[in-house]
Amino acid sequence: GNKALVEVTRRSACSKCNSDCSLAGNSHEIDETRLEVDNPPGAVKGQKVRMEMGEKPLVTAAILIYIFPLIALISGYFAGNWFAVHQGLDMGEVPGIVGSILFLILSFILVRLVDGMLGKRKEFQPVITEIING
């Protein structure tokens, strides 16, 4: 129909290396996953395809994953210090560090929730754009 089950091989930088190392061991971090995607070109089983996703969803996802936790970490430090000052506590850097850790944990939970919501939206789903070979 208009959907296809695509097997995607994800590789890390270590996957290009044949050497044994203490970081990668023997796995070299190659992982396969399957995605159900829109199939406008009508690809069939066994064909290699090119998939794309728009720029806006990609930038949104990058900000959500990389920038938001960093902002939460920094904000948590200042929130922890502010809370300690307003409670009359003199504990040095401890409130800031605790605030940073709490805000970072909360940001990961929030990222997970938002990822689940955004992942269901059509513009955040990859689409087959081209059949590379038959």
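Preceding block: the structure.
As a starting point, this report considers the structure included with it. (Residues numbered from 1 in each chain as written. Predicted model: local features only at pLDDT ≥ 70, side-chain atom pairs only at ≥ 80, totals over all residues. Heavy atoms only, no water.)

## Thoughts on the overall build of the protein
Phase 1 of the analysis: A tally of regular secondary structure across the protein gives two helices and four strands.
Phase 2 of the analysis: Taken over 134 residues, the protein has a buried fraction of 20%.
Phase 3 of the analysis: Put simply, the protein shows about 10,200 Å² of open surface, and 62% of that area lies on carbon and sulfur atoms. (Helix = DSSP H or I, 4+ residues; strand = E, 2+ residues; numbered from the N terminus. Buried < 20%, exposed > 50% of the residue type's maximum accessible area, 1.4 Å probe, protein only. Areas by Shrake-Rupley, 256 points an atom, 1.4 Å probe, with all protein chains shown as cover.)

## Observations concerning the environment of Pro69
Phase 1 of the analysis: Looking at the secondary structure, you find Pro69 in helix α1 (residues 55-87).
Phase 2 of the analysis: For Pro69, a relative accessible area of 7% translates into the label buried.
Phase 3 of the analysis: Along the primary structure Pro69 and Phe108 are separated by 39 residues, whereas in three dimensions their C-alpha atoms are 6.9 Å apart.
Phase 4 of the analysis: Residues contacting Pro69, with those up to four places away along its chain left out, are Leu64, Leu104, Ser107, Phe108 and Val111. (Contact = heavy atoms within 4.5 Å.)

## Structural notes on the packing of α1 against helix α2 (residues 94-119)
Phase 1 of the analysis: Between α1 and α2, the shortest axis-to-axis distance is 7 Å and the interhelical angle comes to 150°. The angle between α1 and α2 falls in the class roughly antiparallel. Here the hand of the crossing between α1 and α2 comes out right-handed. (Axes fitted to C-alpha atoms, helices over the stretch in contact; angles between N-to-C directions. Parallel < 35°, antiparallel > 145°, perpendicular 65-115°, else oblique. Left-handed = near helix turned anticlockwise from the far one by under 90°.)

## Some details on α1
Phase 1 of the analysis: With 33 residues, α1 extends 46 Å from end C-alpha to end C-alpha; this agrees with the ideal 48 Å at 1.5 Å per step.
Phase 2 of the analysis: The largest bend along α1 reaches roughly 35° and is located at Leu64.
Phase 3 of the analysis: Along α1, the residues that are buried comprise Pro57, Leu64, Pro69, Ala72, Gly76, Gly80 and Ala84. (Expected span 1.5 Å × (residues − 1). Bend = angle between axes of the 7 residues up to and from the residue.)

## Re the environment of Arg112
Phase 1 of the analysis: Inspection of the secondary structure puts Arg112 in helix α2.
Phase 2 of the analysis: Sequence spacing of Arg112 and Leu64 is 48 residues, and the spatial spacing of their C-alpha atoms is 9.7 Å.

## Comments concerning the side chain of Ser100
Phase 1 of the analysis: Note on placement: Ser100 falls in helix α2.
Phase 2 of the analysis: Look past the residues within four positions of Ser100 in its chain and what remains in contact with it is Leu73, Gly76 and Tyr77.

What is shown is where atoms sit, not what they do.
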